Each structure stands twice: as structure tokens, then as C-alpha cells.
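Residue-level listing of the chains:
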Amino acid sequence: KDESLVYEADESIPPVVEVEGLQSNAGIKPFDFNIRKGEVNGFTGLLGSGRSECVRAIFGADRVTGGTVKKSGKVVKINKPLDAMKQGIAYLPEDRKKDGIIADLSVRENIIIALQAKRGMFHPLSKKEMEEAADKYIEMLQIKTASRETPIKSLSGGNQQKVIIGRWLLTNPDYLILDEPTRGIDIGTKTEIQKLVLDLADQGMAVTFISSEVEEMLRTCSRLVVMRDRRVVGELSGDE
């Protein structure tokens, strides 16, 4: 593992997010977890070990049946994804086709949809705000699209994934969860996304990165939470 890539979080900084005894109706056994500003950590384990279900519980995407979530030291109630978004938490789900892209909408509409949901229907974004937001992330993430009005379904898988990352960055989160962000996309885009994760951490964002590829996790994460049978069984950091 190239140590120069990985940022070690400052233990003296209080966690951005801290969970204690969190469990959900998806069968996740109570687990503890924390993440600090500027840290990239990950959940690892075999398929079906409960990696995705842990982050879904933190984001309120599955029903939480016990435990507490603290945000910047204060206990917060997260019963649904909108509650998490209002707490500055963003989540890119594992299944891009099913839970990520809205295929018939344009690149612009796909980028602004989470921010619009967070602001509520009584505070619509103006056309100018939408266009500026879309253009900013098309440029920043180097999204290859004919225009911001192109239907997202006509983009390549890697570019669709970048649109969804742009969607969440637009909500200005301080904790970003990326579940399998590089699955099924070309090697060039994969590397771009890994670099973006490290850049975001450099800028102080807390990021959880989940991948089936252990090599990729070692390149990007400073700490790994190890899962087996829907329970946390250990944690690895540093040279471990």
C-alpha cells in the first residue's frame, strides 16, 4: 500500500459521525463505528457480510431498530434518508441502475435532485442555479456528455456514476458514503474516482468507501471495519 496516498485521521479531533449499538431490520447486529474529518475508512468482508447494510442503517435507508447516531457530538434522529441529508450525510448506493440514476431524466436533473429534496418543494432551485450546478460538476468531474440536457441513460456507466457523485457533492455533505462506486466501470474512471475520494478527504470531508476489491480499499482507506455474518468482527488500520 502506498502510504503517501492515505491520510491518517487526527485522533484528537472529535468524530464527525459516531454510532453506538446501531442495528437495523436488515439483520445487522449492533455495531459501533466512528469517522473523523479528513478520514477515508471502509467496510470490508465477503459478499453478504453486511457491508452495505451497515451504511444503509447510518443513512436511514433501512429501518433502525436500536442504537444511537451522533453527529458532531450530538445525538441525532435518523429515521429516513432525508433526515441524514439534513445532517450533512450523503450516500451513493451500491446499485447504480436501481437506486442511483433516474434513467429518463437529463444529466442536469439527475445532478440537482438530491439538493432539491433537501431544500424541499417550497424552495425550488431556479433554472440558473440548476444550470450552474450541473455545469460545475460536469467540468469538475470531467463528465463526458453532449450537454447538461442529455438523458443520463445515454451516458457510459462510468459517467453515470460521476453524475451521481456530483449529485451528492452538490448537497455539500461533511460525510460521504460511497458503496461500490467503481464497480462495472472502466479502469480510467475507476482511478479518477479513487483520486477524487482522496482529494475530498484532503479537503476535510469524512468518506466511507466500500469496494469488493481489497486492493482498491487498501489504496484509499486508512482504516477498515471487517464484517462477517452481518456483524462487525474487527478493525484494521495502519500497516495491518
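Caption draft 1: Geometry of the nonpolar core. V17, F31, F33, F43, I58, W168 and Y175 are the most contacted members of the largest nonpolar core, which has 66 residues in total. Leave out the neighbours within four places in its chain, and Y175 touches V16, V17, F33, I35, I58, G88, I89, A90, M205, A206, V207 and T208.

Caption draft 2: Just the pairing of strand β2 (residues 31-35), in detail. Where burial is concerned, the two faces of β2 differ: the one with F31, F33 and I35 is buried and the one with D32 and N34 is not. Both strand β1 (residues 17-24) and β2 contribute to a ladder of 4 bridges, which runs antiparallel. Bridge assignment links V17 to a residue of β2, and that residue is I35. As consecutive antiparallel partners, β1 and β2 are separated by 6 residues, and within that stretch G27 has a phi angle of approximately 90°, a positive value.

Caption draft 3: Region of interest: the sheet that holds strand β4 (residues 64-71). Across the sheet, 4 strands lie side by side as β2-β1-β4-β5; this open sheet has antiparallel pairing. At either margin of the open sheet sits one strand with a lone partner, and together these are β2 and β5 (74-76). Neighbouring strand axes in the sheet, compared pairwise and without regard to direction, differ in orientation by 25° on average. Here 3 bridges tie β4 to β5, and the two strands are oriented antiparallel to one another.

Scoring rules and cut-offs
- Residues numbered from 1 in each chain as written.
- Predicted model: local features only at pLDDT ≥ 70, side-chain atom pairs only at ≥ 80, totals over all residues.
- Heavy atoms only, no water.
- Core = buried A, V, L, I, M, F, W, Y, C linked by side-chain atoms within 4.5 Å.
- Buried < 20%, exposed > 50% of the residue type's maximum accessible area, 1.4 Å probe, protein only.
- Contact = heavy atoms within 4.5 Å.
- Helix = DSSP H or I, 4+ residues; strand = E, 2+ residues; numbered from the N terminus.
- Pairing = 2+ DSSP bridges.
- Axes fitted to C-alpha atoms, helices over the stretch in contact; angles between N-to-C directions.

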